[in-house]
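Tertiary structure, described
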Amino acid sequence: MNGPSLALRQRSLGDPSAEFPLFPPLTRGCPKTSTDDLAFPLDIVYDYAKVDRGLFEQEPGPDLARWSPLLPPLDAPTLGEGGTPLVPFGDVYIKDESRNPTWSHKDRLNRVAVSAALASGAPGVVVASSGNHGASAAAYAARAGLPAIVLTSAGSPPAVQSFVRAYGAKVVTVPAERRWPLLREIVDRLGYHPVSNQTVTHTGHPFGPEGYKTIAYELFLQLGEVPAAVFTPTGYAELLYGVWKGFTELLLLGVTDTAPRMFSCETAAGGPHAKALAAGLPAAIVELGPTDAYGVAGSVGGHRGVVAVRDSGGEAVLVTDEEMRRAQRELARAGLWQELSGTAGLAGHRRLRRDFAGPVVCIATSSGFKDLGVGGESYPVLENPTLDDLMP
């Protein structure tokens, strides 16, 4: 739509001097800078000198191909991802990512990651996920004509498992501790392209966060300026980092003269990025406590989130399930139903209670249909309702 990809190569986020060809995507982290205890993700380098600044004069809308010069090659067909609404909500704006094709932000990542699978000639894709990521990967694989294997755990919502199966994916429920070894075996023996993490600390797919950059481009066009702060639900921090990178590119290209502060909003039951930032570490692993916010519940952090928060002058914010439930109710009363994890950004902003000299954006990541327990409730039947029964 706007010309070919200007992606040049991969480089280590731990040491930018460690560079590699664009293909194959290094899905097990940087082989030069990673250690047995710490894995560094790969970042993607572009030929920024060739980027037409007119790219940022278009209207935001669906299909990430409108940003193709600043993305890896998009071989997979679109499902209409992106172009999600920015909704004024009291003192903040809500970027509602539940409006994507499979009702979550993961569609931006999977358009790019499944494209990499096609470009690599892989016979299929494999993902370990108990929620949004599995559904999105299955949908984009189906659209691209590739088989998909989704390794999920017994604790994932039944509705989400049905959602994944609807796309024709092979869904296998296994003990949580077996998902990662089995994923690696599928990659090594069957040649499937992985769109999940395979390393000791998180690296994930090197192309994945590139899809999330498009949120930054859209926010700039929708607001007419750069936000002062962005609050992001944070699990592995691919979303957080991708949005931050998008804003740094706008700055690098001279389209803007500032970038927002980035706030990682993690469940207080874990918080590996908060721990890493507090301790001055490149990444951390923590013990995970009980939480219903399964979409951001993780014990393993990665270097991307540390970079985004540290370099933007932001902060890590830990939020409880009850704080997320309050944010969920607040959003729903305004017509925005989000899953519990998807409200972590608003919950983080409410917890911080800070004023900013400019617009504040809270990213809301996924539909409330994806939550635990949805669809299992029962409600009374009113045999002879009166008007009093109908009053709110």
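The rules behind each value
Residues numbered from 1 in each chain as written. Predicted model: local features only at pLDDT ≥ 70, side-chain atom pairs only at ≥ 80, totals over all residues. Heavy atoms only, no water. Helix = DSSP H or I, 4+ residues; strand = E, 2+ residues; numbered from the N terminus. Expected span 1.5 Å × (residues − 1). Buried < 20%, exposed > 50% of the residue type's maximum accessible area, 1.4 Å probe, protein only. Arc of directions from axis to C-beta. Contact = heavy atoms within 4.5 Å. Pairing = 2+ DSSP bridges. Salt bridge = Lys/Arg side-chain N within 4 Å of Asp/Glu carboxyl O. Axes fitted to C-alpha atoms, helices over the stretch in contact; angles between N-to-C directions.

A rise of 1.5 Å per residue sets the reference length of helix α9 (residues 321-332), with its twelve residues, at 16 Å; its end C-alpha atoms lie 16 Å apart and thus fit the reference within 8%. For α9, the complete set of buried residues consists of Asp321, Glu323, Met324, Ala327, Gln328 and Leu331. Buried residues along α9 cover an arc of 160 degrees about the axis, so they all sit on one side. Contacts made by the buried residues of α9 are with β4 (86-89), β5 (92-96), β11 (261-267), β12 (315-319) and α10 (344-352).

Bridge count between β4 and β5: four bridges; the pairing is antiparallel. Considered in β5, the bridge of Phe89 is made with Val92. Between β4 and β5, which follow one another and run antiparallel, lie two residues, and Gly90 among them has a positive phi close to 65 degrees.

Before going further, it helps to examine the pattern of salt bridges. Oppositely charged side chains can form a pair if their charged atoms are brought close together. Tallying each qualifying case throughout the model produces 22 salt bridges. A salt bridge links Arg350 to Asp91, with the shortest nitrogen-to-oxygen separation between them at 3.2 Å. Of this pair, Arg350 sits in helix α10 while Asp91 sits in the loop between β4 and β5; the two residues are 259 residues apart in sequence, bridging distant segments of the chain. For Asp91, a relative accessible area of 52% translates into the label exposed. Lys213 serves as the salt-bridge partner of Glu210, at 2.9 Å between the closest nitrogen and oxygen. Within this pair, Glu210 and its partner Lys213 are both found in helix α5 (residues 208-223), separated by three residues, close to a single helical turn. There is no split in this pair, since Glu210 and Lys213 are both buried. The structure contains a network of salt bridges with shared partners spanning Asp43, Glu210, Lys213, Lys245 and Glu249.

Read across the open sheet, the three strands follow the order β2-β1-β3; overall the sheet is antiparallel. Strands at the two margins of the open sheet, each flanked by one partner only, are β2 (19-21) and β3 (42-46). Going from strand to strand, the sheet's axes swing by 35 degrees on average, the running direction of each strand aside. Sheet topology places strand β1 (residues 7-12) next to β3; five bridges connect them, and they run antiparallel. For Ala7, the partnering residue across the bridge sits in β3 and is Tyr46.

Trans is the common state for peptide bonds, and a negative phi is the common state for residues other than glycine. The linkage connecting Phe23 with the following residue, Pro24, adopts the cis geometry, with an omega of 0 degrees. With respect to the helices and strands, the residue Pro24 is situated in the loop between β2 and β3. The phi torsion at Trp103 lies on the positive side, around 70 degrees, for a residue other than glycine. Note that Trp103 resides in the loop between β5 and α1 (106-119). You can call Trp103 partly exposed: its relative accessible area is 37%. The phi dihedral of Ala237 is positive, around 80 degrees, even though this residue is not glycine. Mapped onto the secondary structure, Ala237 falls in the loop between β10 (229-233) and α6 (238-252).

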